[in-house]
Amino acid sequence: MEREKQITYVQQAKQGDAHAFAGLYQEIYREMYRFALYTLKNSHDAEDAVSDAVADAWAQIGQLKKEDSFKSWIFAILANKCRRRMKQYVNAACELPGDLCAAGGDTEEEMDVRSAFSKLKDEERLILSLSIFGGYSSREIGEALKISGNTVRSRQKRALEKMEAYLAC
């Protein structure tokens, strides 16, 4: 969605226009779901986390200060929902639906990567998900998780090294 259109939609949503909010949501739903699914490893929990995040975002849209920050703002809400769910999470991994997988990828390789990703600690998965799927900087992730950007980078590096070691086996 082009920037000007997004800003217009956010302004309209802030005035109570549900259709404008739906337009914003439609543009990022797949990214939100993919982020939640990779983070939580369970499709039902991912759907619930996205639904809860969207409901909260709609209820709090008036508090959004910068119209062009909508995506990062709603992903921060989603990240918090995922963090809460991970605390009570049941260890039930879920395969990604085929339409969310990388096109033309090697299925065995994708399964190996998913398996390595699922072996990471909850916080490591969250940091990698925020970085890779959410596109957040280490500073932004640090703010969301209440840790320093340097700590985020260290934990991200260690998580990637762990995945590399899992994949080398």
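Quick look at the structure, then. (Residues numbered from 1 in each chain as written. Predicted model: local features only at pLDDT ≥ 70, side-chain atom pairs only at ≥ 80, totals over all residues. Heavy atoms only, no water.)

1. Describing the overall build of the protein chain
And then number 1: Scanning the protein chain for helices and strands turns up 8 helices and 0 strands.
And then number 2: Listing every helix and strand of the protein chain by position from the N terminus yields α-α-α-α-α-α-α-α.
And then number 3: Within the protein chain, buried positions represent 40% of all 169 residues.
And then number 4: Residue pairs at least 24 apart in sequence account for 69% of intrachain contacts in the protein chain once pairs closer than 6 positions are excluded.
And then number 5: Of the accessible surface of the protein chain, which amounts to about 9700 Å², a share of 47% is contributed by carbon and sulfur atoms. (Helix = DSSP H or I, 4+ residues; strand = E, 2+ residues; numbered from the N terminus. Buried < 20%, exposed > 50% of the residue type's maximum accessible area, 1.4 Å probe, protein only. Contact = heavy atoms within 4.5 Å. Areas by Shrake-Rupley, 256 points an atom, 1.4 Å probe, with all protein chains shown as cover.)

2. Some details on the pattern of salt bridges
And then number 1: Throughout the structure, instances matching the rule amount to 11 salt bridges.
And then number 2: Two residues, Glu 124 and Lys 162, come together in a salt bridge whose shortest N-O distance is 2.7 Å. Of the two residues, Glu 124 sits in helix H6 (residues 122-132) while Lys 162 sits in helix H8 (residues 149-168), which places them 38 residues apart along the sequence.
And then number 3: In this structure Lys 162 comes out as partly exposed when scored by relative accessible area, which is 29%.
And then number 4: For Lys 157, the salt bridge goes to Glu 161, with nearest N and O atoms at 2.8 Å. With Lys 157 and Glu 161 both in helix H8 and 4 residues apart, this pair spans about one turn of that helix. (Salt bridge = Lys/Arg side-chain N within 4 Å of Asp/Glu carboxyl O.)

3. Describing the environment of Gln 60
And then number 1: Mapped onto the fold, Gln 60 is located in helix H3 (residues 43-60).
And then number 2: Between the C-alpha atoms of Gln 60 and Lys 14, which are 46 residues apart in sequence, the distance is 8.8 Å.
And then number 3: For Gln 60, the residues in contact, after removing those within four places along its chain, are Trp 73 and Ile 77.

4. Details of unusual backbone geometry
Glycine aside, residues mostly have negative phi, and peptide bonds are mostly found in the trans state.
And then number 1: The phi angle at Lys 41 is positive, at roughly 65 degrees, despite the residue not being glycine.
And then number 2: Position of Lys 41 among the secondary structure elements: in the loop between helix H2 (18-40) and H3.

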